[in-house]
Every structure is written in C-alpha cells, then in structure tokens.
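Analysis of the macromolecular model
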Amino acid sequence: MSRKLSFRDDGTFVIVQFSDVEFIADGDHDPDTPDINAETRRTMETVIAVERPDLIVFAGDVTASARGNDPLASFRQAVAPAEERGIPWAAVFGNHDSEGAVARSRMHEEQLAHQHNVAEADPPDLSGAGNFSITLVDRSGSPAAELYFLDSGDYSALPSIGGYDWIRRDRIRWYTELSRARAEANGGVSLPSLAFFHIPFPEYREVWEQQICEGHCYEGVSAPRINSGMFAAMAERGDIMGAFVGHDHANDYSGTLHGIRLCYGRSTRYVSYVDGVRQDRFPTGARVIRLKAGERSFETWIRQNDGSVAELPVHHPER
Amino acid sequence: MPSLRFREDGTFTIVQFTDLHWKNGDEKDLQTRSLMELVLKEEAPDLIVFTGDLIYSENCEDPKQSLREVVRTAEESGIPWAAVFGNHDSEVTITRSELLDALLTSKNGLSGHTPNVSGYGNYALTIGDNDGKAAAALYFLDSGDYSDLPNVDGYAWIKRDQIEWYEAESQRLEKMNGGTPLPSLAFFHIPLREYADVWERKPCFGHKHENVCSSQINSGFFEAMVKRGDVVGTFVGHDHINDYWGELFGIRLCYGRASGYNTYGKEGFNHGARVIRLTKGERQFESWLRLDDGSIDRQTGGNQERKGD
C-alpha cells in the first residue's frame with residue numbers, strides 16, 4: 001500500500017491486464033477445474049515472462065465465487081502468479097466475485113492483505129468495494145499518470161431494470177473530484193489517466209457500431225440496461241485516455257469514442273463455451289498497455305497464451 | 001406569485017407549448033399566437049409550460065422583446081406559466097442569463113433559477129392539494145445548447161451538478177411528503193438519448209418523422225430519475241416533427257407537439273400542443289395533443305406495427 005509506482009528509466013510503464021481468470025478451488029463441481037486453473041496460470045506466466053510488466057491488473061471476475069467452496073482461497077490462487085514474482089498488482093471485482101459466501105468488501109480486504117498488492121482501502125461511505133486510484137510517478141518522483149479503479153458492481157438492485165449493475169453516481173462523483181484534485185496539484189493540468197472496471201458501459205456498444213475498431217466482437221455487449229453517465233464524466237474531465245474492461249469473454253476489441261479509447265481485455269481463462277463444450281474462437285491471453293511519461297497517449301496490444309502478439313482484424317461501422 | 005393547486009375534482013391540466021421559434025412578430029408568429037389562444041381556450045389549463053426554443057434568437061432583432069412577445073399570450077391569459085430554454089433561445093445576440101432576467105420579471109410567470117448549478121432556469125414547482133400540501137412536483141431543467149467539449153460535437157447535455165440538484169430536491173420533497181416520493185413530471189428541451197432507445201425497444205404512440213437529436217453523450221439523468229422513482233413522465237421539444245411517447249423502465253418519455261410556425265415542420269403535420277392531465281394521488285397521467293384545427297389527437301397509433309418480434 002502507498003508504495004510509489006514509477007516509470008522506468010526509459011520513460012515507459014507497462015501494464016498487463018488479466019481478464020476474467022475466474023479461479024475456483026481445485027475439484028469444485030467440475031472435474032476439469034484443476035487442469036483449467038493450471039492452464040490459466042500457465043497463460044499468465046507466459047504473458048508475464050514475455051512482457052515483464054510494471055503492474056498487473058485483474059479486471060474483475062477474479063473468481064467464479066458461486067462455484068467455489070472457498071472464494072478467498074480461489075482469489076489467492078488467482079493472484080499468485082503476480083504475488084509470487086513480487087510484481088505490483090491490483091484487482092477490481094466483477095459480477096462473479098460476490099456470488100458466493102464472501103462479500104465484495106471482504107474480497108477487497110483480501111487483496112489489500114497481500115504484500116505486493118497496490119490497491120487502496122475504499123473511501124469511507126462510498127458505494128461498492130474496490131474503488132481506488134494509483135498515481136504513477138516519473139523519475140523525479142512527480143505524479144505523471146493516474147490509474148482509476150472502479151467497482152462496476154454485479155447485478156441491478158432495481159428489479160424493474162434487471163440485468164447488470166452500473167457505476168453509481170457517488171463513484172462517478174468520487175472519480176471527478178479526485179481527478180480535479182490531481183489536476184490542481186499538477187498545476188491545473190490533468191494527469192494522463194486510465195480507468196479499469198469489469199462491466200462495459202453502454203458506450204462500448206456505440207463504439208463498435210460507430211467507429212473503426214480493432215479486434216473481435218463475437219458476442220453482444222453485456223452492458224447495464226441503463227446509463228449512469230460514467231463515460232460522460234470521463235469525457236468532461238478529459239483526463240482518461242483509455243478504459244479497460246472484461247466481462248464479455250468473446251470480445252477483445254478497442255475503439256475510440258469522443259477521444260477515449262474503449263478497450264476490452266483478452267479473456268485469460270476461456271473465450272467461449274457452446275452447449276457446455278469449450279470452443280475458444282481465439283486464444284486466451286492478456287491485454288498489454290504501455291504508457292510513456294509525459295505523453296497523453298498509450299500503446300496497447302494483446303499477448304496470447306503461446307507468447308505471440310495477436311493480429312487483430314479491423315472493423316468498420318456499417319453506416 | 002400564484003401557487004398551483006389541484007382542482008376540486010382532483011385534476012390538474014398542463015398545456016405544453018414547444019419550439020415556438022418566435023421572431024419579430026410577423027404573420028407566422030401571429031399564427032403561433034392564434035394557436036396558443038385556441039389551445040388555451042379549448043383546454044383551459046391550470047398551467048402553461050414552454051419547453052424551449054421560445055424564440056429563434058439568431059433571427060430576432062431584439063431577442064428580449066421577442067421573448068416578451070411570445071409569452072404575452074400566457075401573461076394575458078391569467079394562467080400561471082413556466083418555461084425552460086432551448087438551444088435556439090440564446091444563439092447570437094443574447095445570453096441565457098439576460099433571457100432569464102426577462103423571464104423572471106414577467107407576469108404570472110413561475111419560472112425560477114437555482115444559483116450555483118449549471119444552466120439557467122433549473123427549478124421545481126409543487127402542486128398543492130386542497131390543504132395546500134404538496135401532492136405533485138414539476139421539475140424544470142436547462143438542457144443547454146451546444147457541447148463545449150472539443151471531442152464531442154452536437155448538443156449539450158444536462159450536467160452532473162444539475163442531476164445532483166434534482167436528486168437533492170426530489171429527496172427533500174419526499175421527506176416533506178412523509179417518505180413517499182411525490183408523483184412528478186420533468187420538463188426540458190433536448191430529448192435524452194433514451195428517447196431513441198424507447199422508440200427502438202418499446203411500443204410507442206405518435207409520430208417519428210426525424211431522428212432523435214440528443215446530445216452525443218449520456219450524462220445519466222434518466223438513471224437518476226429511475227432511481228429516485230418519482231418522475232413518471234418527461235416532456236421535451238427540439239425535434240419538431242416527432243411527437244411520440246413511450247414508456248421505458250416506468251417513465252413515459254414524451255415529445256410535445258411543435259407549436260411554432262416560424263421554423264421547419266412537415267406538410268400535413270399540423271402544429272399543436274401536448275396536454276397533460278394529472279389526478280391527485282395517482283402516479284400516472286393522461287395526455288393527448290390539441291391541434292391547430294381544434295381537433296384532438298389521442299395518439300393511438302405508433303411503432304407497434306413493426307414490433308412483431
């Protein structure tokens with residue numbers, strides 16, 4: 001906690017995003033689980049070995065908590081590849097993380113208890129669990145970038161709406177206030193920033209329909225049915241250059257809408273099941289993000305489980 | 001200032017004039033005035049609401065004078081009235097702040113303003129029951145004009161601080177009402193993005209002759225209303241040849257019917273006004289259109305024909 005993460009001497013900072021690793025205890029409910037856990041772990045190890053990241057982000061659904069007897073043990077197992085290597089890491093939570101007996105707030109405490117975790121405790125009175133930010137500093141120790149982590153919740157609390165939950169307004173307010181404070185401390189200039197959360201907001205659908213995108217969209221965007229305005233807040237603040245989510249395993253595209261690049265990660269455990277049979281339409285892997293100190297842009301690519309970089313198709317909108 | 005009350009029979013009727021686009025009092029403006037007079041005579045409402053684009057400011061010699069002219073029918077009717085601004089009200093020679101001053105000093109006007117909140121003319125009104133206790137609420141919001149973000153083109157949106165103002169106001173009224181949200185309506189000029197959603201996904205009633213010209217980004221006002229659970233209907237203008245309504249997550253999203261002749265329209269699509277009737281104690285409302293030939297359009301048709309799926 002509150003360890004400084006700093007850009008390298010060459011001015012870069014590399015983040016690996018693991019999505020939906022969905023660990024469950026070996027042998028729980030599914031005889032294939034030990035193999036799938038081992039395979040997921042191997043994928044993470046391959047990506048880590050090739051990319052040597054400065055930070056690892058788990059973009060939610062770290063566990064498939066409903067299917068495990070001990071979600072906290074599953075969580076520890078999921079983050080072990082980062083923790084064992086001493087690589088700083090942080091997680092946001094997905095809808096599957098709080099389906100078992102363990103509350104999201106407890107799951108968040110669990111990550112904070114890890115030696116190499118760089119998340120922060122939740123601000124008091126804020127809804128959800130796992131809302132925090134991390135400041136990256138340059139070689140002189142000055143703030144050079146900000147990473148926002150938000151809880152996108154699990155399922156709608158309003159029965160009339162149904163579907164997935166959304167980033168609530170108090171969290172949006174928390175983000176805008178923090179963003180403003182960071183800019184003020186930085187001489188009035190907003191810090192180049194990224195945002196990580198699990199469930200895509202509805203603008204992910206829009207960007208695929210309206211903009212040139214890179215990557216695959218093999219399933220519908222499972223956004224909440226209502227738009228709480230997080231994207232609008234990001235556009236207004238003008239600091240967030242990219243948003244990173246998981247949730248839809250068969251989507252890994254990215255595209256830019258109103259100046260913000262909306263990115264899916266690459267699913268790290270599996271891509272798709274059809275009638276209970278695993279049918280991955282592309283290899284599992286991870287999204288990699290490279291920031292450069294002082295630049296308001298980033299590079300991103302997808303590293304696959306065989307160590308290769310994915311070649312991604314370009315999608316043009318129909319109209 | 002007059003206070004609003006449900007009638008003895010428990011009803012309260014609102015006439016919504018929208019997109020009057022008054023210029024300098026030419027023949028078309030006078031047609032607009034005749035329409036207003038006709039509708040007020042036929043409906044005898046308890047409140048008149050102007051949902052923006054009262055004037056076509058870029059074509060007005062003296063926008064303040066045009067504003068005074070366009071609301072004169074309401075002033076002289078003796079009926080309480082309220083207004084919100086649209087994108088065309090403050091385009092060239094006049095600011096929203098100046099227009100607001102003119103609005104706040106007019107006769108029988110109930111328009112208000114909340115300082116330190118984005119926009120000009122965000123306010124709430126309540127409708128009292130026989131004892132004068134608030135039994136319904138009306139929210140008026142400034143949906144702005146054009147985006148001021150370089151990365152976002154097009155129209156403005158209701159800002160987050162306006163949404164927070166609405167939430168606080170809604171919570172305050174709920175508390176005053178013993179913990180039950182007041183049945184409420186919301187009036188603003190530019191349709192929310194959910195207006196396009198409702199046409200695509202739900203049965204809608206009335207016409208859609210043009211695209212929904214919302215802002216390009218969604219600031220979350222609809223979510224706030226759903227969450228508060230008080231607003232049962234929203235009323236906008238902006239798109240002159242759309243007049244439909246449809247219900248999404250418990251809120252009826254309604255266009256008005258364009259009332260102004262000095263702007264674009266569609267042949268055969270009469271000008272008119274939306275009429276809204278609340279009944280005390282009911283979390284719903286009736287609504288219909290009164291057209292310039294005196295007829296009533298109850299909007300029974302719509303997009304259901306193609307909603308076989």
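Look up: the structure comes first, before these words.
Attention in this report is confined to the structure presented alongside it. Each chain has its residues counted from 1, following the order in which its sequence is written. Each chain takes a letter, starting from A, and each ligand takes a number, starting from 1, following the order in which they are written. Restriction of local features to residues with pLDDT of at least 70 applies here, the model being predicted, together with a cutoff of 80 or more for giving and counting side-chain atom pairs; totals for whole chains, interfaces and linings are based on all residues.

This next bit is on the overall build of chain A. For the purposes of this entry, the term helix denotes a DSSP run of H or I that reaches at least four residues, the term strand denotes a run of E that reaches at least two, and both are numbered from the N terminus. Helices and strands together make up the secondary structure of chain A, namely six helices and 16 strands. Taken over the C-alpha atoms alone, chain A extends approximately 55 × 50 × 40 Å along its principal axes. With 319 residues in all, chain A has 51% of them scored as buried. For every residue pair, C-beta atoms are placed from the backbone, and the pair is scored as a contact if these atoms sit within 7 Å. Long-range pairs, those at least 24 residues apart, make up 69% of the contacts in chain A with a sequence separation of at least 6. To sort residues by exposure, count the other C-beta atoms lying within 10 Å of each residue's C-beta; 20 or more gives buried, 12 or fewer gives exposed, and values between give partly exposed, all with C-beta atoms placed from the backbone.

Right, let's get into the overall build of chain B. Secondary structure assignment for chain B yields seven helices and 14 strands. The atom set for the radius of gyration is the C-alpha atoms, and the globule formula is 2.2 Å times the number of residues raised to the power 0.38. In terms of overall dimensions, chain B is globule-like: its C-alpha atoms have a radius of gyration of 18 Å, near the 19 Å expected for 309 residues. Taking the principal axes of the C-alpha coordinates as reference, chain B spans close to 50 × 50 × 45 Å. The contacts in chain B between residues at least 6 apart in sequence include a share of 71% that link residues at least 24 apart.

Our next topic: helix α6 (residues 194-201) of chain B. Among the residues of α6(B), Glu194(B), Tyr195(B), Asp197(B), Val198(B) and Trp199(B) are the ones counted as buried. Where α6(B) is buried, its residues touch β8 (204-205), α7 (221-228), β10 (245-248) and β11 (251-255) of chain B.

Before going further, it helps to examine the packing of helix α1 (residues 33-51) of chain A against helix α2 (residues 71-85) of chain A. Residue and element names in this part refer to chain A. The interhelical angle for the contact between α1 and α2, taken along N-to-C directions, is 30°, at an axis separation of 10 Å. Classified by the angle between their axes, α1 and α2 sit roughly parallel to one another. Between α1 and α2 the crossing geometry is right-handed. Across from Asn-37, Arg-41, Met-44, Glu-45 and Ile-48 in α1, the residues of α2 making contact are Gln-77, Pro-81 and Arg-85. Amino acid classes used here: Ala, Val, Leu, Ile, Met, Phe, Trp, Tyr, Cys and Pro are nonpolar; Asp, Glu, Lys and Arg are charged; the rest, including Gly, are polar. Among the residues forming the contact of α1 with α2, the class breakdown is three nonpolar, two polar and three charged. Angles run from 0 to 180 degrees between N-to-C directions of axes, and those axes are lines fitted to C-alpha atoms, restricted for helices to the stretch in contact. In this scheme, roughly parallel covers angles under 35 degrees and roughly antiparallel covers those over 145, while 65 to 115 is roughly perpendicular and the rest are oblique. In this scheme, a crossing is called left-handed if the near helix is turned counterclockwise away from the far one by less than a right angle; it is called right-handed if the turn is clockwise.

How two helices pack is summed up by the angle between their axes together with the distance between the axes. Residue and element names in this part refer to chain B. Where helix α2 (residues 63-70) contacts helix α4 (residues 96-104), the axes come no closer than 10 Å and their chain directions differ by 35°. In terms of crossing hand, the pair formed by α2 and α4 is right-handed. Contacts from Pro-63, Lys-64, Leu-67 and Arg-68 in α2 reach Glu-98, Leu-99 and Ala-102 in α4. Considering only residue class, the contact of α2 with α4 consists of four nonpolar, no polar and three charged.

Turning our attention to the sheet that holds strand β15 (residues 298-304) of chain A. Residue and element names in this part refer to chain A. In space, the five strands of this open sheet follow the order β4-β3-β2-β14-β15, with mixed pairing throughout. The outermost strands of the open sheet, each flanked by one partner alone, are β4 (89-92) and β15. Neighbour-to-neighbour, the strand axes of this sheet turn through a mean angle of 20°, independent of strand direction. DSSP calls a pair of strands paired once it identifies at least 2 bridges connecting them. Across seven bridges, the pairing between strand β14 (residues 285-292) and β15 is antiparallel. What sits directly across from Ala-286, in β15, is Arg-303. Across the sheet, α1 touches β2 (12-18), β14 and β15, and the angle it forms with β2 is around 170°.

For the rest of this paragraph, the subject is the interface of chain A and chain B. Each partner contributes residues to the interface: chain A has 15 residues there, and chain B has 16 residues. Classifying every residue of the side of chain A that touches chain B by side-chain character gives seven nonpolar, six polar and two charged.

Turning to the sheet that holds β8(B), a few remarks are in order. The strands making up a sheet associate through hydrogen bonds between their backbones, and the pairing can be parallel or antiparallel. Residues and elements named next belong to chain B. On the basis of which strands lie adjacent, the open sheet formed by eight strands has the order β1-β5-β6-β7-β9-β11-β10-β8 and mixed pairing. On the outer flanks of this sheet lie β1 (4-5) and β8, each paired with one strand and no other. Of the strand pairs in this sheet, strand β7 (residues 184-187) and strand β9 (residues 231-236) are connected by four bridges, and their pairing is parallel. When the bridges of β9 are listed, Ala-186 appears paired with Thr-234.

Counting buried positions along helix α6 (residues 230-237) of chain A gives six out of eight residues, so the element sits mostly inside the fold. The complete set of buried residues in α6(A) reads Met230(A), Phe231(A), Ala232(A), Ala233(A), Met234(A) and Ala235(A). Where α6(A) is buried, its residues touch α4 (169-185), β7 (193-196), α5 (203-210), β9 (240-245) and β11 (260-264) of chain A together with α5 (160-176) of chain B.

Let's shift gears to the pairing of β9(A). Residues and elements named next belong to chain A. With respect to burial, β9 is a largely interior element, six of its six residues being buried. The pairing of β9 with β11 spans four bridges and is parallel. Pairing of Gly-242 across the sheet is with Arg-261, part of β11.

It is worth spelling out the environment of Thr135(A) at this point. All names here are of chain A. Note on placement: Thr-135 falls in strand β5 (residues 132-137). When the 18 C-beta atoms within 10 Å are taken as the criterion, Thr-135 is described as partly exposed. In the structure, Thr-135 is positioned 10 residues away from Ala-145 in sequence and 5.9 Å away in space, judged by C-alpha atoms. Not counting the four nearest positions on each side in its chain, Thr-135 is found in contact with Pro-143 and Glu-146.

Core analysis: the biggest nonpolar cluster contains 172 residues, and Phe58(A), Phe149(A), Ala195(A), Phe196(A), Leu54(B) and Phe187(B) have the highest contact counts within it. Those residues in contact with Phe58(A) that lie beyond four places of it in its chain are Phe18(A), Val21(A), Val79(A), Trp89(A) and Ala91(A). Here, a nonpolar core means buried Ala, Val, Leu, Ile, Met, Phe, Trp, Tyr and Cys residues linked by C-beta atoms lying within 7 Å of one another.

In this structure, His21(B) takes a positive phi of about 50° despite not being glycine. Its location among the elements puts His21(B) in the loop between β2 (11-17) and α1 (27-43).

A word on the environment of Phe298(A). Residues and elements named next belong to chain A. Along the chain, Phe-298 turns up in strand β15. Considering only alpha carbons, one finds Phe-298 and Leu-194, 104 residues apart in sequence, at a separation of 9.5 Å. When near neighbours in sequence (up to four residues on either side) are disregarded, Phe-298 contacts Met-241, Gly-242, Ile-289, Arg-290 and Leu-291.

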